[in-house]
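# Understanding the architecture of this molecule
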Amino acid sequence: MASLDDVAAIAMGLPEVVEGDRHGRPTWSVAGKVFAWERPFHKADLKRFGDATPPDGPILAVRVEDLGEKEAVLAAQPKGFFTIPHFNGYPAVLIQLKKVTKKALREAIVDGWLACAPRKLAEQYLRR
């Protein structure tokens with residue numbers, strides 16, 4: 001089980017990350033590109049769940065490199081990872097923090113950072 005505090009600690013441990021706020025919710029960005037953000041469900045999202053119970057607790061959205069990577073992540077079926085129709089065609093996955101392992105969360109956040117960081121900064125990070 002992970003928390004938004006875990007997300008903040010992981011994200012802020014990466015180079016040149018800025019913590020921000022959008023609509024009263026935390027965001028994490030690098031070089032002006034948001035790579036992770038708290039993403040609660042909107043009314044339209046909840047309506048699309050119909051009779052199904054939506055995932056509860058804090059939900060994190062994390063960028064991925066492209067739609068192919070998104071499909072690969074979701075196909076691997078890691079616990080807590082999912083998407084919703086609102087994210088169709090957008091390179092990001094959603095993570096239910098109360099179900100994800102901290103290891104999987106860290107990997108997703110680092111991958112999101114790598115997808116958004118400038119190439120030179122990402123290469124420096126990977127060489128460490």
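Scroll up for the structure.
Residues numbered from 1 in each chain as written. Predicted model: local features only at pLDDT ≥ 70, side-chain atom pairs only at ≥ 80, totals over all residues. Heavy atoms only, no water.

### Structural notes on the pattern of salt bridges
This model, assessed by the stated rule, comprises 5 salt bridges. In this structure, the salt-bridge partner of Lys102 is Asp6, at a minimum N-O distance of 3.7 Å. Taken together, the residues Lys102 in helix α4 (residues 102-116) and Asp6 in helix α1 (residues 4-12) connect sequence positions 96 residues apart. Its relative accessible area of 47% is what places Lys102 among the partly exposed residues. Across the salt bridge formed by Asp45 and Arg48, the nearest N and O atoms sit 3.7 Å from each other. Residue Asp45 and its partner Arg48 are both found in helix α2 (residues 43-49); the two are separated by 3 residues, about one turn of the helix. You can call Asp45 buried: its relative accessible area is 4%. Three or more residues are tied together by salt bridges with common partners; here these are Arg39, Asp45 and Arg48. (Salt bridge = Lys/Arg side-chain N within 4 Å of Asp/Glu carboxyl O. Helix = DSSP H or I, 4+ residues; strand = E, 2+ residues; numbered from the N terminus. Buried < 20%, exposed > 50% of the residue type's maximum accessible area, 1.4 Å probe, protein only.)

### A few points about the side chain of Thr27
Its place among the elements puts Thr27 in strand β2 (residues 25-30). If sequence neighbours within four positions are ignored, Thr27 has contacts with Val18, Glu19, Gly20, Asp21, Arg22, Val34, Ala36 and Trp37. (Contact = heavy atoms within 4.5 Å.)

### A closer look at the nonpolar core
The nonpolar side chains of a soluble globular protein tend to be buried, and buried together. Trp28, Phe35, Leu60, Ile95, Leu105, Ile109 and Trp113 are the most contacted members of the largest nonpolar core, which has 30 residues in total. Mapped by element, the contributors of at least two residues to this core are α1, β2, β3 (33-38), β4 (59-63), β6 (92-96), α4 and α5 (119-127). The element best represented in this core is α4, accounting for 7 residues. Those residues within four positions of Ile95 in sequence are excluded, and the remaining contacts are Pro58, Ile59, Leu60, Val62, Gly80, Phe81, Phe82, Val100, Leu105 and Ala108. Among the nonpolar cores identified, the runner-up in size contains 9 residues, and Trp37, Phe82, Phe87 and Leu94 belong to it. (Core = buried A, V, L, I, M, F, W, Y, C linked by side-chain atoms within 4.5 Å.)

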